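# A look at the structure
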Amino acid sequence: MGIIFSVKKLAKYFPVGGKTLKAVDCLTFEIYEREVYGVVGESGSGKSTLGRCMLNLVEPTAGEVIFGDEIMPMSELARKSPARMKSLRRDMQVVFQNPNSSFNPKMTIGRALYNAASFFGLKGGGRDRIHELLDYVNLDRSVLSRYSNALSGGEMQRLAIVRALIPSPRFVMADEPVSALDVSVQAQILNILGEMKNRFGLTMMFISHELTVVEHICDRIMVMYLGAMMELGPVEELFGNPLHPYTRALLDSRPKTSPDEKKTREMLEGEIPGAVDIPAGCRFFSRCPDAVRECGEIPPELYKVTDFHFVACHLVRDTVGNN
Amino acid sequence: MTSANDLISIRNLQVSLMSARGLVHAVRGIDLDVQRGEIHGVVGESGCGKTVTAKSIMRLYDENIMLSGGHIFFEGYDMFSLSEREIQALRGSEVSMIFQDPMTALNPLYTIGYQLEETLTNKGVKKMEAAARAVKLLEDVGVNPPESRKSQYPFEMSGGMLQRVMIAMAISCNPKLLIADEPTTSLDVTVQAQILDLLTRLRDGRYMSILMITHNFGIVAEICDRVSVMYAGGIVESGDVREIFRDPRHPYTSDLIKSIPRSGTRGTLLATIPGTPPDLLREINGCAYAPRCRYASGVCAEAPPPPRSISESHSYACVRGT
Amino acid sequence: MPLAVSLLFLVGVIIIAVFAEKLATHDPNRLDVTHRLDAPSHEHPLGTDKTGRDIYSRLLHGSRITILSAFGVVLISALIGIPLGIAAGYFGGLADKVFMRMFDVILAFPSLLLAFVFVAAFGRGITNAVLALGIVYVPMLARLTRSLVLVEKNKAYVEAARSIGYSNAHIMMAEILPNCVDTLAVQMTLDIGYAVLDLASMSFLGLGVQPPTPDWGAMLEDGWIVMTSNPFVALAPGTMIVMTVVALNIFGDGVRSYLDPAQKKLPSIRKYRRPVRDLRK
């Protein structure tokens, strides 16, 4: 398995009234080719900022993101070789959360799509490609002459997928792509997203706060809290054997799927604090039900549980042994 | 027709609203009963009329909405015989409501303590007593420590805390019915779990009924006793939550439940519902779901299916037999 | 209704300006000392001024220069102000700060005063007056553009455009600008009205149009001395100025409410409404 994205000690800080908001703080991970990499966390966990840094839509404060076979980090590339950066862009596309506002309201859908196609230099203005993709997402060609406000959320999200697929990217990032949609529409979009990975040989990163959705579609999942990684592992392992107290709490707080389901709930108290004054020890310390003194003082490292399963928790180190 | 145990009974309610495209028949003759002490879910996708139904009970209408028929009985009294003034007196003291976005529902210029006390003094509670009761209420909904939290402004509080404050305001006069319109949609999962837990505890402690408006079947499974599934302005299925989850009879209910991702759906295609909901600007003659329904036959398009009951606690509107 | 009337009026003014030669009964600059300050008559429908020129004809010809120069003012301010505003709003940073403070300074002075200074420095005449007002109008339009861009640039479609890799120029001009055009068009319509007024003031003070070219502001200046004896000389151009400005304002307002769907009124539901008590039947 090749590595398509390699993120090293990535950090993004924002100044907030004289203080620093650490939206993403020293994250290191890799995304393998042809996998669906899930990023889960509550709002304020920094998952969207991470996504924007990875696509170089915002410049990271520190650390680097390296895409594909490129050697240079993207932020450096954008400065030194904008042309090379532009050609990288076609390989990584994104689908945003709010489908209706991610298209220019003053442009017909057709124009937005054809603009993108000609920007990427597709043959014949990209007509065949766009028609093929519209067929793929099961949309009639008549949508091309309409404006975004005349279409439903489901239709718009399918068009966002079409737009992302126009340049035949290798990587598609989906930032909460189904959160704004109704249940039945959500299923349609999830099916398309799940299927297109195989059909087009894509790698995907899937950012979401909904665990059930992530579980349905992802191969590996990273759980984030206050800009840092809490746990990382393959879906089966993460959902079957969650080790970090935060992961466990997240799983516990999912609503039941059926009223007959028995549940011993471990309710998490409080809410995610602001990422301004991050405590010295573990970020989850203030809400952790199992915290011991050490947790408040020393930030835990990432401990390896199995080859693919990592946890940032002192308590886990004690149970699995130090690696 | 209504039983003594029903706190609120809605009969053949019809509501229309004016949109830029014309008159929309948003609620098309629904029947709904909320019993004392139960949590009743109203679940459906956006535009199905669930929020309009909730607003009808409070008669919280803006100038573009109107009731066009039906009855709402509250403890046996016909709400439509009440004047605007009498309804006003009912709001807050008998029926109260919480909304999706607590941030916009509170006035940013006043402390939450002031706003909470004001709802109390508005209903005739003395100032001194109101202050004490406000502290007690905040404690009840888990805003801790209440004394210092009281003097905070809405922008100083998190979304979950604000929703707790909204709940405190809503229950301040011991209403018999609390209408919760997507109360956890803007909150994180861990906070959602806290709020749902709080609502359940309040129901148990105060023997209050809750009408839970939501699009999330998970929330229905989690806290509701009974549920009504809405589609295109009508109720397609209604009854005990367990029965409906075990044995959904209306094709829409079962299609919708099947389309939700859960453990075990990984790697499979989710069931989807073809087509889109009908245009509510037009008359619907037969079953509203017929154009999307896999079992639809000729009769479905002709007349609206009569509601049938399969047990005392489970009814649905579909011509398809058992 | 007022919108229709003002629109009709504006179309009329434009027709007059275009066909002034055909519609005029006299040469606007021909002096006729035998008919000084004539009252309105069949020969001179609006009378004559103190040198015997036909006011009606001068009014028609004057509309041309007034309208053209007002358009000129707005065009100049738009050509400078809108690109500046877009760039300042989109890029932000130091350049934005510098430009905005500079505009604050310009805005601190009354616009006419600044235009006077400009004309005093570069000489009087209609071209300089138009240039001066055009530059004085830049800050208002630039600030409006900037504030619109600040709102638009945080919308999802801009981020989507950035993620595709479009250049900044493309994003500013093809994505953001079309979404600001509505509001800018309204403001520019209103600005034409202000420009008519300001140009008239400048001509009135002798800083704008130079005699004998007919212009409403200059005509007003001609007439105000004889206001008590021959009110028509001043009233005719004065009325035209006021009506044009009012019509432009109403028109601009109309365009605004037409473009803004939030302000569009829904048809009343009242005709369907029955009293709640009736529903029980």
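Rules and cut-offs
Residues numbered from 1 in each chain as written. Chains lettered and ligands numbered in written order. Predicted model: local features only at pLDDT ≥ 70, side-chain atom pairs only at ≥ 80, totals over all residues. Domains from an automatic or database assignment. Contact = placed C-beta atoms within 7 Å. Nonpolar A, V, L, I, M, F, W, Y, C, P; charged D, E, K, R; others polar. Helix = DSSP H or I, 4+ residues; strand = E, 2+ residues; numbered from the N terminus. Pairing = 2+ DSSP bridges. Axes fitted to C-alpha atoms, helices over the stretch in contact; angles between N-to-C directions. Core = buried A, V, L, I, M, F, W, Y, C linked by C-beta atoms within 7 Å. Buried ≥ 20, exposed ≤ 12 C-beta atoms within 10 Å, placed from the backbone. pLDDT = per-residue confidence, 0-100.

## Regarding the domain arrangement of chain B
Residues and elements named next belong to chain B. We note that the domain assignment places domain 1 (6-94 + 179-271) and domain 2 (106-174) within chain B. With 11 residues of domain 1 at the interface, the matching set in domain 2 holds 12 residues. Counted by class, the side of domain 1 that touches domain 2 contains 6 nonpolar, 4 polar and 1 charged residues.

## Digging into unusual backbone geometry
Glycine aside, residues mostly have negative phi angles, and peptide bonds mostly take the trans form. Cis geometry is adopted by the peptide bond preceding P145 of chain B, which originates at N144 of chain B and carries an omega value of -10°. Secondary-structure assignment places P145 of chain B in the loop between α5 (127-140) and α6 (146-149). One non-glycine residue, R34 of chain A, adopts positive backbone phi at about 65°. For A232 of chain B, which is not glycine, the phi torsion reads 50° and is therefore positive.

## Examining the interface of chain C and chain A
The partner chain A presents 16 residues to the 13 residues of chain C that form the contact. Breaking the side of chain C that touches chain A down by element, the ones donating at least two residues are α7 (156-164) and α8 (168-204) of chain C. Split into classes, the residues belonging to the side of chain C that touches chain A amount to 6 nonpolar, 3 polar and 4 charged.

## Description of the interface of chain B and chain A
Opposite the 35 residues of chain B that make contact, chain A presents 31 residues. Put simply, the parts of the chain that give the side of chain B that touches chain A at least two residues each are α8 (189-206), α9 (217-223) and α10 (241-246) of chain B. Looking at the side of chain B that touches chain A element by element, the count peaks at 7 residues for α8 of chain B. Class assignment for the residues of the side of chain B that touches chain A results in 14 nonpolar, 14 polar and 7 charged.

## Description of the sheet that holds strand β3 (residues 39-43) of chain B
Residue and element names in this part refer to chain B. Across the sheet, 8 strands lie side by side as β6-β7-β8-β3-β9-β10-β12-β11; this open sheet has mixed pairing. One side of each edge strand has no neighbouring strand; the edge strands of this open sheet are β6 (95-98) and β11 (307-311). Ignoring which end each strand starts from, the neighbouring axes of this sheet average 20° apart. Here 4 bridges tie β6 to strand β7 (residues 177-181), and the two strands are oriented parallel to one another. Bridged to I98 within β7 is A180.

## A closer look at the nonpolar core
Counting residues in each nonpolar core, the largest one holds 265 residues, and the members touching the most others are F206 of chain A, V165, A168, L211 and M212 of chain B together with A129 and L133 of chain C. There are two domains that each give this core at least three residues, and those are domain 1 (6-94 + 179-271) and domain 2 (106-174) of chain B.

## Some details on the sheet that holds strand β1 (residues 3-16) of chain A
All names here are of chain A. Ordered in space as β2-β1-β4, the 3 strands form an open sheet in which the pairing is antiparallel. Two strands close off the open sheet at either side, each with one partner strand: β2 (19-32) and β4 (62-67). Here the average twist between neighbouring strands, direction ignored, is 20°. Summarising the sheet, β1 and β4 pair through 5 bridges and their orientation is antiparallel. In the strand pairing of β4, V7 is matched with V65.

## A word on the pairing of strand β1 (residues 6-19) of chain B
Residues and elements named next belong to chain B. Pairing geometry for β1 and strand β2 (residues 22-35), over 11 bridges, is antiparallel. Bridge assignment links S16 to a residue of β2, and that residue is H25. The antiparallel hairpin formed by β1 and β2 contains 2 residues in its connecting segment. In terms of strand pairing, β1 meets strand β4 (residues 65-74) through 8 bridges, oriented antiparallel. Looking at the pairing, Q14 lines up with G69 of β4.

## Looking at the confidence of the model for chain C
Of all residues in chain C, 95% have pLDDT values of 70 or greater, and the mean over the chain is 86. Our summary of model confidence lists the complex with pTM equal to 0.87 and ipTM equal to 0.87.

## Points about helix α11 (residues 251-258) of chain B
The buried count for α11 of chain B comes to 6 of 8 residues, which makes it a mostly enclosed element. The set of residues buried in α11 of chain B consists of P251, Y252, T253, D255, L256 and I257 of chain B. Elements in contact with the buried residues of α11 of chain B: α7 (183-200) of chain A together with α9, β9 (226-231), β10 (234-240) and α10 of chain B.

## Some details on the environment of Y147 of chain A
All names here are of chain A. Tracing the backbone through its elements, the reader meets Y147 in the loop between α5 (127-136) and α6 (153-165). The exposure class of Y147 is partly exposed, given the 16 C-beta atoms found within 10 Å. Remark: the alpha-carbon pair of Y147 and R111, spanning 36 residues in sequence, is separated by 9.7 Å. When sequence neighbours within four positions are dropped, the list of residues in contact with Y147 reads P105 and T108.

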